[in-house]
Amino acid sequence: MLDHYLEQARGATSERVEALPVVAHMAGVYFGEVIRRRHASWWRMDGEDPTYWQLEFESVYLAFSPVLFVRETLTRGRAAEAARDLAEDSLSGDPAALELEEEDREAVAERLAELPQVSEDEYYAPSTRLEVIDIAVDAIRSRRLAAGEETDAALEPGDYERGDD
């Protein structure tokens, strides 16, 4: 349902740009809640703007902004405009990217590379993004198992604290 809704909303938010933050916030927070209920995680709500609120996972080091995921879905094709809007406050080079530990990033990238290509519509669909989150969690656990490490961490919000460096 969310995939279909956002596909319809793309046109509406391109015609009425003032609607973009409202739709992105509402749909992004909904998308985040779906994931939060699927994977043990919590919201980090730094500031009043939901655009930069993040989900942080308990069992693996993984964080991302569901609202940025949705905003990217709504603005694809207007990527230059969206990138310019987010450039000053971006959390990383790719604002909708997953925050992972480096060795986990490699394991996730390898696993995703094994999958067949998807269309642009599928790539941006929240259902695909949900599958990517599931695959990332599984790839991290598999990497840990192969390395003889504990497969599930017991992370807490303090483990995600960002320094001022």
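## Examining the side chain of His39
Relative to the elements of secondary structure, His39 occurs in the loop between helix 2 (20–38) and strand 1 (41–44). When residues no more than four places from it in sequence are discounted, the contact partners of His39 are Phe57, Ile133, Asp134 and Val137.

## As for the sheet that holds strand 2 (residues 54–57)
Read across the open sheet, the four strands follow the order 1-2-3-4; overall the sheet is antiparallel. At either margin of the open sheet sits one strand with a lone partner, and together these are strand 1 and strand 4 (99–100). By the bridge criterion, two bridges tie strand 2 to strand 3 (residues 62–64) in an arrangement that is antiparallel. Among the inter-strand pairings, Glu56 is bridged to a residue of strand 3, identified as Ala63. Here helix 7 (residues 126–146) sits on the sheet in contact with strand 2, strand 3 and strand 4, set at roughly 160 degrees to strand 3.

## Brief notes about the pattern of salt bridges
In total, this model carries 15 salt bridges according to the counting rule given. Between Arg76 and Glu120 there is a salt bridge, with its nearest N and O atoms 3.5 Å apart. One end of the pair, Arg76, is in the loop between helix 3 (66–75) and helix 4 (79–86); the other, Glu120, is in helix 6 (residues 120–124), with 44 residues separating them in the sequence. Using a relative accessible area of 49% as the deciding quantity, one classes Glu120 as partly exposed. By sharing partners, the salt bridges in this structure join Glu7, Arg10, Arg76, Glu120 and Asp121 into a single network.

## Considerations on the environment of Leu55
Tracing the chain through its elements places Leu55 in strand 2. Sequence-wise, Leu55 and Trp42 are 13 residues apart; in three dimensions their C-alpha atoms are separated by 5.6 Å. When neighbours within four sequence positions are excluded, Leu55 is seen to be in contact with Gly32, Ile35, Arg36, Ser41, Trp42, Trp43, Leu62, Ala63, Phe64 and Pro66.

## Concerning the environment of Glu161
Relative to the helices and strands, Glu161 resides in the segment after helix 7. A residue is classified by how much of its surface remains accessible, and Glu161, at 52% relative accessible area, is exposed. Placed 117 residues apart in sequence, Glu161 and Arg44 show a C-alpha to C-alpha distance of 9.8 Å. Here the side chain of Glu161 touches Arg44 through a polar contact of 3.2 Å, side chain to side chain.

## Overview of the pairing of strand 1
Here strand 1 shows a buried face lined by Ser41 and Trp43 and a second buried face lined by Trp42 and Arg44. Alignment of strand 1 against strand 2, held across four bridges, turns out to be antiparallel. Across the sheet, Arg44 pairs through a bridge with Gln54, a residue of strand 2.

Parameters and conventions
Residues numbered from 1 in each chain as written. Predicted model: local features only at pLDDT ≥ 70, side-chain atom pairs only at ≥ 80, totals over all residues. Heavy atoms only, no water. Helix = DSSP H or I, 4+ residues; strand = E, 2+ residues; numbered from the N terminus. Contact = heavy atoms within 4.5 Å. Pairing = 2+ DSSP bridges. Axes fitted to C-alpha atoms, helices over the stretch in contact; angles between N-to-C directions. Salt bridge = Lys/Arg side-chain N within 4 Å of Asp/Glu carboxyl O. Buried < 20%, exposed > 50% of the residue type's maximum accessible area, 1.4 Å probe, protein only. Polar contact = N/O pair within 3.5 Å; in protein donor to acceptor, adjacent residues only side chain to side chain.

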